[in-house]
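Residue-level listing of the chains:
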Amino acid sequence: MASNGLTVPVPGRDEASPGPLSPGLGRTSNPLSSKVTSVLSTSYADSEFRESLALLDERGISNTAETRRQLRLDVQKEVIDSNGKIITEFGRVAEQLRRIGTTIDKLNKSYQDMRGHVTAAHESTATVLEEASSLMTQRRNIETKQQILKAFREHFVLSEDEVASLTLTAEPVDDRFFAVLSKAKRIRKDCEFLLGFESQTLGLEIMDQTSKYLNQAFQKLYRWVQKEFKTLNLENPQINSSVRRAIRVLAERPSLFQNCLDFFAEAREQILSDAFYLALTGTSASGAKDNSVKPIELVAHDPLRYTGDMLAWTHSAAVSEREALEILFISDGNEIAMGIQEGRENELWLLMADETDGPPEFDAVKALNELVDRDVSGAARILRQRVEQVIQTNEETILAYKLANLLGFYRVTFSKLLGDESVLLQSMSNLESEALRQFRSLMRDHITTLEGEFQHTPSDLGPPEFLQESLKQLTAIMKTYETSLASDGDRESDFEPILAESFDPFLAGCENMSKNIPAPRNSIFLINCLLAAQNTLEPFQSFTQTRVSRLQSAIEEHSTRLVESQYAFFRSESALEPLFTALGPLSDARKEDVVKVSKLDALQPEALARAGQGLDDFLPSAVMDAMENVKHLQDAGLAREITEEAAERFCVDFEHVEELLVAADELAEEEQGTQAGGGEGEELPSLRALFPRTTGEIRVLLS
């Protein structure tokens with residue numbers, strides 16, 4: 001039907017209510033309008049709505065009227081079917097639960113029965129369990145005590161085998177002995193902890209027993225070391241390690257350690273004494289001849305070689321002894337020092353003494369030096385006797401000094417080897433002093449025998465024979481001293497006493513001889529002696545520099561005297577002595593002195609002419625005559641220097657005279673000129689005309 005030109009479709013029965021149609025579209029009770037409104041208000045973005053659509057799509061339902069009418073019914077039918085299935089399944093579950101309940105009831109009943117049985121059994125075995133628990137506790141306590149006792153016995157008690165190894169002499173001193181000894185020392189130290197408990201009886205008993213074992217062990221070790229020392233071969237570079245270890249351990253008993261060293265030193269002293277006697281004589285102490293040894297006594301006719309061979313053997317023995325004993329003291333020196341310190345702390349006498357008076361710390365090097373010194377002391381006594389015999393029987397001065405120098409060399413060597421406090425070094429010092437005393441005695445005896453020769457001066461004024469011989473001896477002595485080991489700083493002061501004995505007396509004899517010789521011959525004689533001495537000492541200036549300087553000063557002093565003598569010769573022989581004496585105090589710079597010149601007696605014409613003539617006669621042979629005065633001077637260069645210096649002084653004096661003469665002539669000419677202007681005066685002869693020689697001519701003739 002049509003209304004206002006609009007066509008409205010009529011919905012089906014599923015879309016409209018069974019009531020009559022509404023007359024208008026705007027009324028809210030209209031079913032169609034409600035449906036439209038419901039559709040339009042539906043949100044298609046809702047997740048539940050979209051899931052519903054997806055479910056319908058999966059079921060493949062087509063959108064038809066029939067389907068839409070049956071959809072609700074189909075869904076409800078499916079829900080009802082599903083609920084029926086669930087109820088069926090839950091029925092089965094209920095049946096199973098009823099069965100489980102029945103089973104649980106049976107289990108509970110069985111549990112209750114078993115619990116009753118267990119309770120009854122527990123009640124019946126409770127007493128037994130308590131007893132068993134008590135026994136188990138007691139067992140654990142006993143086991144703990146057994147472990148403690150076992151550990152205590154292992155730590156604090158020595159076994160019978162260990163005691164036997166420690167105390168019985170039949171048991172060897174090996175690694176086991178030292179291990180047990182270390183254990184015993186540890187036990188005694190650990191007993192100090194036991195003494196800290198309330199009951200000290202156990203600690204005291206163990207400490208007493210252990211100390212007794214330790215004392216027996218050290219006594220055993222002491223006897224064993226002595227036995228080993230008797231057969232010890234020091235020539236073997238590898239000394240038994242057990243001996244070395246025994247010495248280190250024995251150091252904990254300083255008294256036993258020192259006794260061992262004393263015993264060893266006595267044994268080695270005897271061995272080295274016998275070896276030295278064999279080296280000297282080729283025969284052992286028992287009288288057996290050893291043909292393999294070349295006796296040192298075969299060279300006894302040569303005292304220096306004989307003494308040198310004995311000293312060399314002693315030095316070699318000391319070095320070998322030191323090298324062999326170094327491994328006993330140096331390589332293990334710290335252990336020995338610690339052992340000795342520990343032993344001193346445990347010794348009763350030290351504990352009772354004042355700590356400030358305790359012995360010094362152990363010095364391994366010092367102990368080694370002392371032991372080597374004691375070992376060679378026997379050989380050193382034989383050496384001293386033989387060397388003293390050589391020194392006392394020697395009558396040669398040079399040989400006496402060479403022996404002293406040889407002994408000084410070995411004194412320094414032994415000082416470096418054994419230190420400054422060794423007995424052997426003291427012996428060397430005494431022998432060196434004795435050799436030097438013998439040298440001085442022989443030198444004085446030699447000087448005494450030469451006293452007669454000190455009165456005879458050689459005709460050529462050269463060094464006397466006794467001085468030449470003494471200088472030869474001194475040269476040999478200085479060559480010997482030059483090779484000595486004296487330090488550079490002390491060489492000159494050390495050699496000064498030798499010069500005082502072997503040089504000064506002869507030089508003093510020459511000086512005494514010169515007192516009986518007239519000048520200038522005495523100066524020439526002394527210069528010759530001093531030059532010979534200087535030439536002898538100069539090659540050894542490392543220890544004679546001061547003495548050479550003193551000799552040079554003495555030579556210069558006597559040379560000055562010779563210059564004065566030559567100068568006096570020039571003045572007197574040239575006949576110019578009166579002229580020099582008269583004009584010496586005057587000066588050409590003072591007019592009054594120049595005025596006096598012509599009035600002097602020595603400047604009168606006759607005297608001046610005689611002086612000029614005497615000078616002319618002297619000049620041709622002046623130098624030769626002057627050199628003749630010092631012809632005995634053995635140093636020609638020095639003689640020429642002395643003469644030239646004297647000639648130079650003569651020329652200086654002559655130049656002074658010449659200047660005064662020229663000044664006097666000039667003054668005379670002035671006076672004559674003044675008198676000539678007045679018409680009076682007499683012309684006097686010129687001084688230069690009477691005495692024409694010039695200084696230049698004199699220098700040429702005396703050069």
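Residues numbered from 1 in each chain as written. Predicted model: local features only at pLDDT ≥ 70, side-chain atom pairs only at ≥ 80, totals over all residues. Heavy atoms only, no water.

A few points about the overall build of the protein chain
Formally: Secondary structure follows DSSP: runs of H or I at least 4 residues long count as helices, runs of E at least 2 residues long count as strands, and numbering of each begins at the N terminus. Only protein chains enter the accessibility calculation, which uses a 1.4 Å probe. A residue is then buried if its area is under 20% of the maximum for its type, exposed if over 50%, and partly exposed in between. Contact between two residues is taken to exist if any of their heavy atoms lie within 4.5 Å; hydrogens are not considered. A 1.4 Å probe and the Shrake-Rupley method give the accessible areas. Residues count as covered only by the protein chains that appear here.
Broken down by element type, the protein chain carries 27 helices and 2 strands. Counting every position in the protein chain, which comprises 703 residues, the buried fraction comes to 36%. Taking the intrachain contacts of the protein chain between residues at least 6 apart in sequence as the baseline, contacts between residues at least 24 apart amount to 73%. Looking at the protein chain as shown, the accessible area adds up to about 42,300 Å², and 52% of this sits on carbon and sulfur atoms.

Quick notes on the confidence of the model for the protein chain
In low-pLDDT regions, the fine details of the predicted coordinates are not to be read closely. The condition that has to hold: On a range of 0 to 100, pLDDT expresses the predictor's confidence in each residue.
This prediction gives the protein chain a mean pLDDT of 80; 86% of its residues lie at or above 70. Considering each helix and strand of the protein chain separately, the mean pLDDT is smallest for strand β2 (residues 6–7), with a value of 35, and largest for helix α13 (residues 377–393), with 91. Scored below 50 in pLDDT, residues 1–28 makes 9 contacts in the model with residues more than four places away or belonging to other chains. Contacts for the low-pLDDT stretch residues 348–357, under 50 throughout, to residues beyond four places or in other chains number 7 contacts.

Concerning a nonpolar patch on the surface
Selection rule: The patches described consist of residues with a relative accessible area above 30% and no salt bridge, like charges being joined within 9 Å and nonpolar side chains (Val, Leu, Ile, Met, Phe, Trp, Tyr) within 5 Å. One side-chain nitrogen of Lys or Arg within 4 Å of one carboxyl oxygen of Asp or Glu is enough to make a salt bridge.
On the surface, Ile86, Phe90, Val93, Leu97, Ile100 and Ile104 cluster together to form a nonpolar patch covering roughly 570 Å² of accessible area. Secondary-structure assignment places Val93 in helix α3 (residues 65–156). Relative accessible area serves as the criterion here: at 40%, Val93 is assigned to the partly exposed category.

A few points about the pattern of salt bridges
By the definition in use, this model includes 25 salt bridges. With a closest N to O distance of 3.7 Å, Glu655 and Arg699 form a salt bridge. Taken as a pair, Glu655 in helix α25 (residues 636–677) and Arg699 in helix α27 (residues 695–702) lie far apart in primary sequence, 44 residues in all. Since its relative accessible area comes to 30%, Glu655 is described here as partly exposed.

Some details on the state of the cysteines
Counted only if it meets this: Disulfides are defined as cysteine sulfur pairs within 2.5 Å.
Counted by the stated rule, this structure contains 0 disulfides. No disulfide involves Cys510; its sulfur sits 3.8 Å from the nearest other cysteine sulfur, which is in Cys529. Judged by relative accessible area, Cys510 falls into the buried class, the value being 0%.

Re the side chain of Glu501
Take Glu501: it is sitting in helix α17 (residues 491–502). Judged by relative accessible area, Glu501 falls into the buried class, the value being 15%. Setting aside chain neighbours within four positions, we find Glu501 in contact with Phe439, Arg440, Met443, Arg444 and Ile447.

Some thoughts on the packing of helix α16 (residues 465–482) against α17
Going by this rule: Fitting a line to C-alpha atoms yields each axis, with helices limited to the stretch in contact; the angle taken between N-to-C directions then spans 0 to 180 degrees. Any angle that is under 35 degrees is reported as roughly parallel, and any over 145 degrees as roughly antiparallel; angles of 65 to 115 degrees are reported as roughly perpendicular and all others as oblique. Left-handed is the label given to a crossing in which the near helix is rotated counterclockwise from the far helix by less than a right angle, and right-handed is the label when the rotation is clockwise. When residues are sorted by character, Ala, Val, Leu, Ile, Met, Phe, Trp, Tyr, Cys and Pro go into the nonpolar class, Asp, Glu, Lys and Arg into the charged class, and all the rest, Gly among them, into the polar class.
Across the interface, α16 lies against α17 with an axial gap of 11 Å and an inter-helix angle of 155°. Compared by their axis directions, α16 and α17 come out roughly antiparallel. In this structure, α16 crosses over α17, and the sense of that crossing is right-handed. Seen from α16, the contacting residues are Ser470, Leu474, Ile477, Met478, Tyr481 and Glu482; seen from α17, they are Arg491, Asp494, Phe495, Ile498, Leu499 and Ser502. Tallied by class, the residues present in the contact of α16 with α17 amount to 7 nonpolar, 2 polar and 3 charged.

Focus on a negative patch on the surface
Counted only if it meets this: The convention is simple: Lys and Arg are positive, Asp and Glu are negative, and His and the chain ends are not counted. In plain terms, the charge of a residue is placed at NZ if it is Lys, CZ if Arg, CG if Asp and CD if Glu.
A cluster of acidic residues, Glu160, Asp161, Glu171 and Asp174, forms a negative patch at the surface. Here Asp174 falls in the partly exposed class, since its relative accessible area comes to 30%.

A look at helix α19 (residues 521–537)
Heads up, the rule is: The length a helix should cover is 1.5 Å for every residue beyond the first.
In this model α19 runs 24 Å from its N-terminal to its C-terminal C-alpha over 17 residues, within 8% of the 24 Å that 1.5 Å per residue would give. Across the 17 residues of α19, 14 count as buried, placing the element largely inside the fold.

Some remarks on unusual backbone geometry
Most of the time, phi is negative for any residue but glycine, and the peptide bond is trans. At the junction of Ala519 and Pro520, the peptide bond is cis and its omega measures out at 0° in the coordinates. Backbone geometry places Ala575, a non-glycine residue, at a positive phi of 65°.

Looking at helix α23 (residues 605–618)
Heads up, the condition is: Relevant arc is that of directions from the helix axis to the C-beta atoms, nothing else.
Taking 1.5 Å of rise per residue, the 14 residues of α23 would be expected to cover 20 Å, and the 20 Å separating its terminal C-alpha atoms lies within 8% of that figure. Of the positions making up α23, those classed as buried are Ala607, Leu608, Ala611, Gly612, Gly614, Leu615 and Phe618. The arc that holds the buried residues of α23, viewed along the axis, is 165°, so those residues lie on one side. For α23, the exposed residues lying more than 90 degrees away from the buried face are Glu606, Arg610 and Asp617.

What about the packing of aromatic side chains?
The condition that has to hold: A pair of aromatic rings is counted whenever rings of Phe, Tyr or Trp (Trp by its six-membered ring) have centres within 6.5 Å, and the orientation is called stacked for planes under 30 degrees apart, edge-to-face for over 60 and tilted otherwise. Counting as a charge over the ring demands two things of the Lys NZ or Arg CZ atom: a distance within 6 Å of the ring centre and an angle within 35 degrees of the ring normal.
Using the criterion set out here, one finds 15 aromatic pairs in the structure. When the centroid spacing of 5.4 Å and the interplanar angle of 80° are considered together, the rings of Phe177 and Phe178 count as edge-to-face. These aromatic residues form a ring-pair network of at least three members: Phe569, Phe570, Phe580, Phe618 and Phe650. Between the NZ or CZ atom of Arg649 and the centre of the ring of Tyr567, over which it lies, the distance is 4.2 Å.

Overview of the packing of helix α18 (residues 504–514) against α19
Remark: α18 packs on α19, axes separated minimally by 9 Å, with the N-to-C direction vectors making an angle of 170°. Classified by the angle between their axes, α18 and α19 sit roughly antiparallel to one another. Considering only the axes of α18 and α19, their crossing is right-handed. On α19, the residues touching Leu507, Cys510, Glu511, Met513 and Ser514 of α18 are Asn522, Phe525, Leu526, Cys529 and Leu530. Broken down by class, the residue content of the contact of α18 with α19 amounts to 7 nonpolar, 2 polar and 1 charged.

Concerning the side chain of Gln534
Along the polypeptide, Gln534 turns up in helix α19. Looking at Gln534, the relative accessible area reads 5%, which means it is buried. For Gln534, the contacting residues outside a window of four places in its chain are Val548, Leu551, Gln552 and Ile555.

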